[in-house]
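Breakdown of the fold
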Amino acid sequence: MKRLLELKVNGESYQTWVADHKTLLDVIRDTLALTGTKKSCDQGECGSCTVILNGKPVLSCLVLAREAEGKEILTIEGLAQAGQVHPLQKAFVDLGAIQCGYCTPGMIMTAKALLDRDPRPNEHEIKEVLAGNLCRCGCYPKIVEAIKAAAQSGEETFSLGKTFAGGPL
Amino acid sequence: MSLPKFELVQPKTLTEAISFLKEKGSETQLMAGGTDLLVRMKQRLERPSYLLDLKNIPGLDSIAENEAGGLTIGALASLNSVAHFPVIRQRFPALADATHHVAASQLRNRATIGGNVCLESRCWYYNQAYTWRLSRPFCFKMGGDCCHVVKRGEECYSLFCADTPPVLVALGARVKVNSSDGEQLLPLKEIYTGDGKEITTLSRAQVISEIEIPRPPAKSGMAYVRFAVRSALDFPMVGAAAYLKLGEDDLCEEAKIVFTGVVSGPAEAGQSAASMVGHELSLATIADAAGEVVKEIKLFANIGCTVGYRRKLMPTVAAQALSLAWERARGEPTKG
C-alpha cells in the first residue's frame, strides 16, 4: 500500500506516493530521476549507492525511503553550486580518477562527508574511510590523490573553463 | 533486488513497540539499522508481514558512563558512535576496536550495537539469493531438514560472525531485555544458544534496549583482534577477545578468551584462559595458553576457511589479543 512521503533531497522538497518496502536508492533513482547515485550490489557491499543523510554517509540501498523522511539527503547531483563543480569533482576530473565512472559518485560522497568532518585527512585516514567503496577499474591510487588534492585546495572554487581546457590530464 | 512487501511500523515509545510485538510478534521483524535484515529480506530469507522500526524511540541510542564507572549503551547506538565515543576509546578499547572494524564506515553509521549483538549466523549456503538456494533442498536454517555444511548433519552448522559479542561476553556485559512481562537484566552470555538455527533465546516479543558493561578494575586490560581476508567489508574469519586482570603481585588473577567466527555462538576458551591464572605472564605463557584453545572448541568448516586453517588462526589471533590485553593491563601505551 502506497503512502505519501516527503523527501528533502539536495535542498529541494519532493512529495511522492511510496510503498513501505521501497529503498531510498530506488526512490532517488526511479521516482526522483536522480540517477547519479548508482545501484551496483544492492546489498551494502560496494558503496556505489552512498548518499549523505543528515551529514553522515550511508548506503541508500539499505535505507527504506520512509526512514529518510524529515532528514536532509545529499546526492552527487547536489554538490555543484551555482554552476560551479565542487573541488572534489574537479579534482577527480583533473587527476583522471574516473574510468568507467560507476564508483565515482559513491567515492565522492564518502570523501565529501570525510572532508566536511576532517578537512586535512592523511592518506591512511582517507583509505580507511573509503574502504567501503569498491572500484572494479582500479582507480584507487588516483582517487586517493584526488581527495588529497581537493583537501589541499581548501575552499577555493574553480571556473569551469579552467577545468576542461588545458587542465592536467 | 527488491524487498518483499511488508508494512512498516514506527512506534514512538518502547511501550508501544512491546504491545505491538505482544500481538503481532510472530509476523514481525525488529529493525534497528537494518543493514543485515534488509539484505536477508532481499534474499527472501525473511518475509515478515511487519517491520518494526525502533529508531524513532528516543533514548535508545544513548551512550553514557554510569555511576559505577561502567558503561550503559543503548541498543540503538550506531557502531560508529560506539567506536568514536571517547570514554570507550580510552577505557574500553576492545569495544572500540570491535565496532570500528565492522564492514565499512557508511554501514557503521546505520548498523547498531544491539543489531550486532543479535546478528544472525552466516553460512555459504544460507546467505544467498532465493534463486541460488532453489538449486538445493532447503537447510535447517531455512526451515528445511538438512545441512549442506555437514552432510547427514542433524543440526545447523552456521557460523556466528559478529564482532562485538566476544568482547561484551569477555567483559561480563549484561543486556536489558524488555517485553510485556517487564524488563530483566541478563548476562549477555546467557542469551546465546550455540545453535545455528536460533542464535538467541529471545522470543519475537522481546526487545533488547540496553547493554551494560561493568567498570574494568585496576590492572586489567582488554583487546579484540580479528583476522579476515580483507581489512574491511569482510566478516571475521576468526576474532578473539581477550581480558586479563593482574593481581597486586602482577600474577594473572583473571583471564578470559572468547572467539567469534568459529562455531555457532561466541566460543569461550575457558580452560586455556584458566591455565594462566595464578601464573606470571610472559609472551611464552600467553603463547602456550593460546595454543590450547583449539582443544576446547570443536570446529567445522564453513565460510572462507577449512578446519585446518582455522586451527592455525585461532591460537595466533588469541595470542595477539592476549598480549595486547596484557600490555594494557600493565599500563603500557597501547599499540595497534
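Counting secondary structure elements, chain B contains 13 helices and 12 strands. Here the C-alpha radius of gyration of chain B, 20 Å, is about what a compact globule of 336 residues would show, namely 20 Å. In terms of its C-alpha atoms, chain B occupies a principal-axis envelope of roughly 60 × 50 × 35 Å. Every one of the 336 residues in chain B was classed for burial, and the buried ones make up 59%. Counting every atom, chain B has about 14,200 Å² of accessible surface; 50% of that belongs to carbon and sulfur. Across chain B, 38 positive and 36 negative side-chain charges occur, with their mean positions spaced 8 Å apart.

With that settled, consider the pattern of salt bridges. This structure, assessed with the given rule, holds 29 salt bridges over all chains. The salt bridge partner of Glu67(A) is Arg110(B), with a shortest N-O separation of 3.1 Å. Note that Glu67(A) is positioned in the loop between strand E4 (56-59) and strand E5 (72-74) and Arg110(B) in the loop between helix H6 (105-108) and helix H7 (113-117), a pairing that runs across two chains. According to the relative accessible area criterion, Glu67(A) is buried, its value standing at 4%.

All names here are of chain B. If you check the backbone angles, Arg44 has positive phi at about 65° while not being a glycine. Among the secondary structure elements, Arg44 is positioned in the loop between helix H2 (37-42) and strand E3 (50-53). Unlike most non-glycine residues, Lys219 shows phi in positive territory, near 60°. Tracing the sequence through the fold places Lys219 in the loop between strand E8 (207-213) and strand E9 (220-227).

What follows is about the pairing of strand E1 (residues 2-9) of chain A. All names here are of chain A. Taken together, the eight bridges between E1 and strand E2 (residues 12-19) define a ladder with antiparallel strand orientation. Counted as the bridge partner of Glu6 is Gln15 from E2. Taking the residues between adjacent antiparallel strands as the criterion, E1 and E2 are bridged by two residues, where Asn10 takes a positive phi near 50°. The pairing of E1 with E5 spans two bridges and is parallel. Counterpart to Val9 in the pairing with E5 is Ile73.

This brings us to the state of the cysteines. Applying the stated criterion across every chain yields a total of zero disulfides over all chains. Free of any disulfide, Cys49(A) has its nearest neighbouring cysteine sulfur in Cys61(A), separated by 3.7 Å. Cys123(B) carries a free sulfur, and the closest cysteine sulfur to it, the one in Cys139(B), is 6.3 Å from it. Classification of Cys123(B) by relative accessible area gives buried; the value is 9%.

Once that is clear, we can look at the interface of chain B and chain A. How big an interface is tends to be expressed through the accessible area that disappears when the partners come together. With 28 residues of chain B in contact, the opposing surface of chain A contributes 29 residues. Of the roughly 2,300 Å² buried between chain B and chain A, counting both surfaces, carbon and sulfur atoms make up 57%. It is Met1(B), Gln106(B) and Arg110(B) in chain B that bury the most area against chain A; as a group they hold 27% of the surface buried on that side. Linking chain B with chain A are three salt bridges. Between Lys42(B) and Asp42(A) there is a salt bridge whose closest N-O contact spans 2.9 Å. At the junction of chain B with chain A, the criterion picks out 11 residue pairs in polar contact (both at pLDDT 80 or more). At the level of secondary structure, the elements contributing two or more residues to the side of chain B that touches chain A comprise strand E1 (7-9), H2, E3 and H6 of chain B.

The α-helix advances 3.6 residues per turn, and as a result positions three or four apart in sequence lie on the same side. The end-to-end C-alpha separation of helix H5 (residues 140-153) of chain A is 20 Å, in line with the 20 Å expected for 14 residues at 1.5 Å each. Those residues of H5(A) that fall on the buried side of the exposure criterion are Ile143(A), Val144(A), Ala146(A), Ile147(A), Ala150(A), Ala151(A) and Ser153(A).

Within a sheet, adjacent strands bond to each other through the backbone by hydrogen bonds, running parallel or antiparallel. Residues and elements named next belong to chain B. Strands sit in the order E1-E3-E2 across an open sheet of three strands; the sheet is parallel. A single partner strand is all that each edge strand has here, and the edge strands are E1 and strand E2 (28-31). The mean inter-strand angle of the sheet, taken between neighbouring strand axes irrespective of direction, is 25°. In this sheet, E3 lies alongside E1 in parallel orientation, the contact comprising three bridges. The partner of Val9 across the bridge, within E3, is Leu52. Contacting E1, E2 and E3, helix H1 (residues 14-24) crosses the sheet at an angle of about 160° to E3.

All names here are of chain A. Spatially, the five strands line up as an open sheet ordered E2-E1-E5-E3-E4, and their pairing is mixed. Each edge of the sheet is formed by a strand with only one pairing partner; in this case those strands are E2 and E4. Ignoring strand direction, the axes of neighbouring strands in this sheet form an average angle of 40°. Two strands pair when backbone bridges link them, and strand E3 (residues 50-53) and E5 are joined in this way by two bridges, in the antiparallel orientation. Paired with Ile52 across the two strands is Leu74, which belongs to E5. On the sheet, helix H1 (residues 24-31) packs against E1, E2, E3 and E5 and is oriented at approximately 110° with respect to E2. Packing of helix H3 (residues 104-117) onto the sheet brings it into contact with E3, E4 and E5, and relative to E3 it is tilted by some 30°.

Here we come to the packing of helix H2 (residues 87-94) of chain A against H5(A). All names here are of chain A. Between H2 and H5, whose axes approach to 8 Å, the crossing angle comes to 135°. By the angle between their directions, the pair H2 and H5 is classed as oblique. Judged by the sense of rotation from one axis to the other, the crossing of H2 with H5 is right-handed. Across the interface between the two elements, Pro87, Leu88, Ala91 and Phe92 from H2 touch Ile143, Ala146, Ile147, Ala149, Ala150 and Ser153 from H5. Residue classes in the contact of H2 with H5 are distributed as nine nonpolar, one polar and no charged.

Analysis parameters
- Residues numbered from 1 in each chain as written.
- Chains lettered and ligands numbered in written order.
- Predicted model: local features only at pLDDT ≥ 70, side-chain atom pairs only at ≥ 80, totals over all residues.
- Heavy atoms only, no water.
- Helix = DSSP H or I, 4+ residues; strand = E, 2+ residues; numbered from the N terminus.
- Rg over C-alpha atoms; globule rule 2.2 N^0.38 Å.
- Buried < 20%, exposed > 50% of the residue type's maximum accessible area, 1.4 Å probe, protein only.
- Areas by Shrake-Rupley, 256 points an atom, 1.4 Å probe, with all protein chains shown as cover.
- Lys, Arg positive; Asp, Glu negative; His and termini not counted.
- Charge placed at Lys NZ, Arg CZ, Asp CG, Glu CD.
- Salt bridge = Lys/Arg side-chain N within 4 Å of Asp/Glu carboxyl O.
- Pairing = 2+ DSSP bridges.
- Disulfide = S-S within 2.5 Å.
- Contact = heavy atoms within 4.5 Å.
- Buried area = accessible area lost by both parts, 1.4 Å probe.
- Polar contact = N/O pair within 3.5 Å; in protein donor to acceptor, adjacent residues only side chain to side chain.
- Expected span 1.5 Å × (residues − 1).
- Axes fitted to C-alpha atoms, helices over the stretch in contact; angles between N-to-C directions.
- Parallel < 35°, antiparallel > 145°, perpendicular 65-115°, else oblique.
- Left-handed = near helix turned anticlockwise from the far one by under 90°.
- Nonpolar A, V, L, I, M, F, W, Y, C, P; charged D, E, K, R; others polar.

Limitation: the analysis is restricted to geometry and does not speak to function.
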